[in-house]
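Spelled out from the first residue to the last, the chains are:
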Amino acid sequence: MVTHRNRPFEKPALSIPDQVELLRGRGLVVNHVARAEHCLRLISYYRLRPYWLPFESRAQHDGDHIFRKGATFEDVLTLYGFDQQLRRLVLDGIESVEAALRAQWVHHMATTHGPHGYLTKSLYHNTTRYGEAKTLLTQGFRRSNDTFAEHYRETYTSPPLPPAWMAAEVMSFGQLLAWMVNLKHRQDKQAIAKPFGLDECVFTSFCWQLKDVRNICTHHGRLWNRRFGNTIKRPRKPVELAQAIQGADQRRLHNTLAILNHLLGVVAPETPWRERIVHLITGCPLVDSARMGFPRDWRTRPPWGALPPCHGTTQGTN
């Protein structure tokens, strides 16, 4: 068996016109060359590449990249624009859930263990992770120039770290999860998760994936057909949510959207987020919802089935 693992990288950089010609040579229809060059210059060939992969045909030889007959550069831009809108919608939903999670962590830890009780080492399962979390919080609090942080540092000599409600504003989302997940006693984690209507095991696994999704969105990564490394534990309750994810691909986006929709129903019950998600997906015929992990009959299931489809089109940007 021949291996190419140790060969040197020898691909040359191509000019923008040459990139267009390469795509056309592989069968992609480029109706407006000037616009294609503009997009490749401002978005980049490599960033657009994942959005034309769904339009490629199976090649006869490894390494060949041939487009399906009739595939256009405009199709690629439409899929790219769809993913942009999807990321914005998902990030908008995450923002509300993240704020609620911070508030609930603060409320439980401060009222149950005291304003600085979250710093008690015995509350945590892994002392090494506790130490790492405390170090990151210390560094972040020292760097913070927020008014509350400056006031605390100038006014109080001990403890050197602030109470929970200030600490939560300094932590990143990932740091907050590290404090929460490392809690030793299940009743603490269960108390934080209870207002969200999920068991703490389901809630915790979802929050970890939500962190990854958030990072993808903030770094403008491909989201729509992403395959995740970790899976979310399947909830048994509420029944509507359990029905929504039954049979869905556990490593695709659908389950993330379904649980995020459930949480938004708790923290922002008046939000039209669900309607916007359905209209975005049904409004872009180029999107294969199966690649997002949606079950075949998702339009008849809760929570998506009560809405009429949108027959518009999603336009690419740039």
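Before going into details, it helps to say that this report is about the structure given with it. Quantities reported herein were computed from a predicted structural model and do not represent experimental measurements. Starting from 1, residues in each chain are numbered consecutively following that chain's sequence as written. The predicted nature of this model means local features are confined to residues of pLDDT at least 70 and side-chain atom pairs, given and counted, to a pLDDT of 80 or more, with totals for whole chains, interfaces and linings taken over all residues. Side-chain measures here rest on the full set of heavy atoms in the structure, leaving out hydrogens and waters.

1. Some thoughts on the pattern of salt bridges
- What makes a salt bridge here is a side-chain nitrogen of Lys or Arg within 4 Å of a carboxyl oxygen of Asp or Glu, nothing more. Within this structure, the stated rule accounts for eleven salt bridges.
- Note that aspartate 212 and lysine 211 form a salt bridge whose closest N and O atoms lie 3.5 Å from each other.
- Three or more residues are tied together by salt bridges with common partners; here these are Glu98, Arg102 and Arg214.

2. Considerations on the packing of aromatic side chains
- Any pair of Phe, Tyr and Trp rings, taking the six-membered ring for Trp, is counted once the centres come within 6.5 Å. Such a pair is stacked with planes under 30 degrees apart, edge-to-face with planes over 60 apart, and tilted for the rest. Scanning all chains against the criterion turns up 14 aromatic pairs.
- Look at tyrosine 124 and tryptophan 179: their rings are 5.5 Å apart centre to centre, the planes differ by 75°, and that puts the pair in the edge-to-face class. Remark: tryptophan 179 occurs in helix H8 (residues 173-181) and tyrosine 124 occurs in the loop between helix H4 (73-113) and helix H5 (127-143); sequence separation between them is 55 residues. Of the two residues examined, tyrosine 124 and tryptophan 179, each falls in the buried class.
- When the centroid spacing of 6.1 Å and the interplanar angle of 45° are considered together, the rings of phenylalanine 294 and tryptophan 304 count as tilted. Separated by ten residues along the polypeptide, phenylalanine 294 in the segment after helix H13 (273-282) and tryptophan 304 in the segment after H13 bring together distant segments of the chain. Comparing phenylalanine 294 with tryptophan 304 shows no difference in burial state: the two are buried.
- Geometrically, a charge over a ring is one whose NZ (Lys) or CZ (Arg) sits within 6 Å of the ring centre while staying within 35 degrees of the ring normal. One cation-aromatic arrangement involves arginine 153 over phenylalanine 141; the distance from NZ or CZ to the ring centre is 5.6 Å.
- One cation-aromatic arrangement involves arginine 299 over tryptophan 298; the distance from NZ or CZ to the ring centre is 5.4 Å. Strands here are runs of E lasting at least two residues and helices are runs of H or I lasting at least four, both read from the DSSP assignment and numbered beginning at the N terminus. Classification of residues uses two cut-offs on accessible area relative to the type maximum, computed with a 1.4 Å probe and protein chains only: under 20% is buried, over 50% is exposed, and between them is partly exposed.

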